[in-house]
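What the coordinates show
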Amino acid sequence: MASGLKYFVILPLLSAVQAVQPSAPSPVPAPLRELKWGQLNFLHTTDTHGWLAGHLSEPSYSADWGDYVSFATRMREIAEADGRDLLLIDTGDRVEGNGLYDSSDPKGVYTSEIIRHQPIDVLSPGNHELYKKTTAEAELQTTVPNFHGHYLASNIDIYEPETGELIALGPRSRKFTTKNQGVRVVAFGFLFDFTMNSNNTIVQPVEETVEETWFQQVLKDQEVDLFLVIGHVPLRSKEYSAVFNAIRANHPDTPIQFFGGHLHIRDCHWYDPKAVGLASGRFMETIGFVSLDGLSTERNQSRPESVTFERMYIDNNLFSFHHHTRLVEAAFPTESGRNVSRLIQESRSALKLDEIYGCIPKTLWMSRTPYTATDSIYAWLQQAVLPDMLGHESRRGKPAFAILNTGAIRFDLFEGQFTRDSAYMVSPFTSGFRYLKDVGYAQALQVLDLLNEQPRILATPEAATGFLPWTLAPPEQSARDYGVDPTKNREDSIFDISADQSPMSSQLGTRYDIIPGYTTTDDLGTDGDDTIHSTIAFYDVPNCIGALAPNGGFATLETVDLVYIDFIEPYVALAASQLGLGIDVPHESDIYMPSTSLTDVLVAWITANWGCSM
């Protein structure tokens, strides 16, 4: 390859690049950077949240899980041909967030069948796998056996449903040797110090787990070339610091590869010259790639002076997949990949996910616009949906002041058809509404104000008991708590690609526009995204928004019913206590609009107000 193309290449325009899902958009040709292979290589997914059909409104992320199955197979073939190794990793939160998971009964019966066709080498659960008793049991009874021996749960126990016995959700660790290079790997799988899990599971704090006899016994093994630490854990967290320090106390020179998740961002973090971690975004937008060189092996046990880590965040689309495997469209798919894509299509059809509820007149954004702007999804909720739709029959005539945490919204609302699938993407949770009767309006406003001062709440002794939800705002924004600025995933690209600058594009006579997307800055620099994008704006949102709902009239605003999503009740209780309101939350609260979730409210408003004229 010519030296002028060291940092990027442009793939020739493919006239019919299509993901297998019939409604998926074609990816847009774009300038791409090269992967740098090593002795040991990884593909990583995290926080997929059921988005196995890919993004049907975004060309950059339009590949489905079947395409990923084909991509992983072709990448393994490349590794095999060169005598290298490739491992697949997934770090949890595979559930909740998409109609393919959430609309089935029971939830997840389709997604668990789809996921199992990808031969993942090491995987772990996320917090969403543990919120509900049934979800945790599905992990134990379905996902764990589907990936027998590969599913690790270093700090999670579960009560076995039949016997009531407390057992490990999965193996605590795994040791194996890679096929081609003979790298001896010891792997762990963690979850952050999660406290809102269902009572049929126990999550031991990571800092306690690393002191356990079994963990210390594993660390006594000196015949290890690499420690592989995966988990649903932010890279820059106290949990991973504890694991890193524990390993380094026993193995000061052994390379460590971390894989994390939970914050829904692209990130790479140096722990020391021989330890690095990768997080690979969210919602099947990103396939993370890591390569390691300079490892000792079973056959060559001399410890190299240095280890080389490389990383790339691959946009999940067929344009990128074809380029990185050097295969044209016809040669790329595998039989297994095609079958999985067909299974996704059939599952979506059975679940009627393309059923149309309405048509969105313009895109409403979570973070690409100020939260008070006319194209903000939060302004729309605050000014239209909640005032129009909230009302409790037995409280007719009593206005309600509703508090909604911004993290209850999970995705943008795109212009065009709003389907059954769209509803779960925007708000997948089953949380209902609760309320406190006859709260002073001024006091209700104070509760909102205090909830938007989350650090103040978290500094209280009550918060130290560990019962509070993980975050009120969207996960991407909570990355700031770990020293990561989410705008750094969206900075201006340092590249200005044109036909004049690119020998390949000059030969093709083609000039490509730089499309918006991730432009990540991490500990390794600014060249981690495989696709060179233009900037996307990122605006902070408050933890919570408030909205007045008349519920039959505003005769007086001296008192209101204080309505809130039940998920944030611990925060509401703490805020009421700190403000000295004399309200016993939750004992004085009651259900508001029984059997109604936020998702139900959104669907009802859109159906009534934004019907499609077809």
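Residues numbered from 1 in each chain as written. Predicted model: local features only at pLDDT ≥ 70, side-chain atom pairs only at ≥ 80, totals over all residues. Heavy atoms only, no water.

To continue, consider the overall build of the protein chain. Looking only at helices and strands, one finds 17 helices and 23 strands in the protein chain. Relative to its 614 residues, the protein chain shows a buried fraction of 60%. Across the protein chain, contacts joining residues at least 24 apart in sequence account for 79% of those joining residues at least 6 apart. (Helix = DSSP H or I, 4+ residues; strand = E, 2+ residues; numbered from the N terminus. Buried < 20%, exposed > 50% of the residue type's maximum accessible area, 1.4 Å probe, protein only. Contact = heavy atoms within 4.5 Å.)

A few words on the sheet that holds strand 7 (residues 166–168). Spatially, 7-6-10 is the arrangement adopted by the three strands of the open sheet, whose pairing is antiparallel. For this open sheet the edge positions go to strand 7 and strand 10 (201–203), each flanked by a neighbour on one side alone. Averaged over all adjacent pairs, the angle separating strand axes in this sheet is 25°, with direction ignored. (Pairing = 2+ DSSP bridges. Axes fitted to C-alpha atoms, helices over the stretch in contact; angles between N-to-C directions.)

Our next topic: the confidence of the model for the protein chain. Here the protein chain averages 90 in pLDDT, and 89% of its residues register 70 or above. Every residue in residues 461–467 is under pLDDT 50, and counting partners more than four places away or in other chains gives 11 contacts. (pLDDT = per-residue confidence, 0-100.)

As summarised here, the arrangement of the five strands in space is 21-18-22-20-23, forming an open sheet in which the pairing is mixed. Each edge of the open sheet is held by one strand with a lone partner, namely strand 21 (544–549) and strand 23 (590–597). Taken over all neighbouring pairs, the strand axes of this sheet differ in orientation by 25° on average, direction set aside. In this structure, strand 18 (residues 400–405) lies alongside strand 22 (residues 559–565), joined through four bridges in parallel fashion. Bridge pairing links Ala400 to Asp561 in strand 22. Against the sheet, helix 17 (residues 598–609) makes contact with strand 18, strand 20 (432–440), strand 22 and strand 23, and its axis sits at roughly 60° relative to strand 23, the strand it touches most.

A few words on helix 8 (residues 318–325). Among the eight residues that make up helix 8, eight are buried, leaving the element largely enclosed by the rest of the structure. All buried positions along helix 8 are accounted for by Leu318, Phe319, Ser320, Phe321, His322, His323, His324 and Thr325. Backbone nitrogen of Phe319 and a side-chain oxygen of the N-cap are separated by 3.0 Å at the start of helix 8; the cap is Asn317. A positive phi of about 60° marks Arg326, the residue just after helix 8. (Polar contact = N/O pair within 3.5 Å; in protein donor to acceptor, adjacent residues only side chain to side chain.)

Looking now at the layout of surface pockets. In this model, the second largest pocket occupies a volume close to 540 Å³. Forming the walls of the second largest pocket are 29 residues, and the residues nearest its centre are His128, Tyr131, Phe429, Ser431 and Phe567. (1 Å grid on protein atoms, 1.4 Å probe; cavity = no way out; pocket = protein on both sides within 12 Å on 5 of 7 lines; lining within 4 Å. Points joined across faces, edges and corners; volume = space filled by probe spheres on them.)

The next point concerns the pairing of strand 4 (residues 85–90). Buried residues dominate strand 4, accounting for six of its six residues. Neither face of strand 4 is open: one carries Asp85, Leu87 and Ile89, the other Leu86, Leu88 and Asp90, and all of them are buried. Bridge count between strand 3 (residues 40–45) and strand 4: six bridges; the pairing is parallel. The partner of Phe42 across the bridge, within strand 4, is Leu87. With helix 1 (residues 65–81) bridging strand 3 and its parallel neighbour strand 4, the resulting β-α-β unit is right-handed. Alignment of strand 4 against strand 5 (residues 122–123), held across two bridges, turns out to be parallel. Bridging from a neighbouring strand, Asp90 pairs with Leu123 of strand 5. (Right-handed = clockwise from strand over helix to strand, strands pointing away.)

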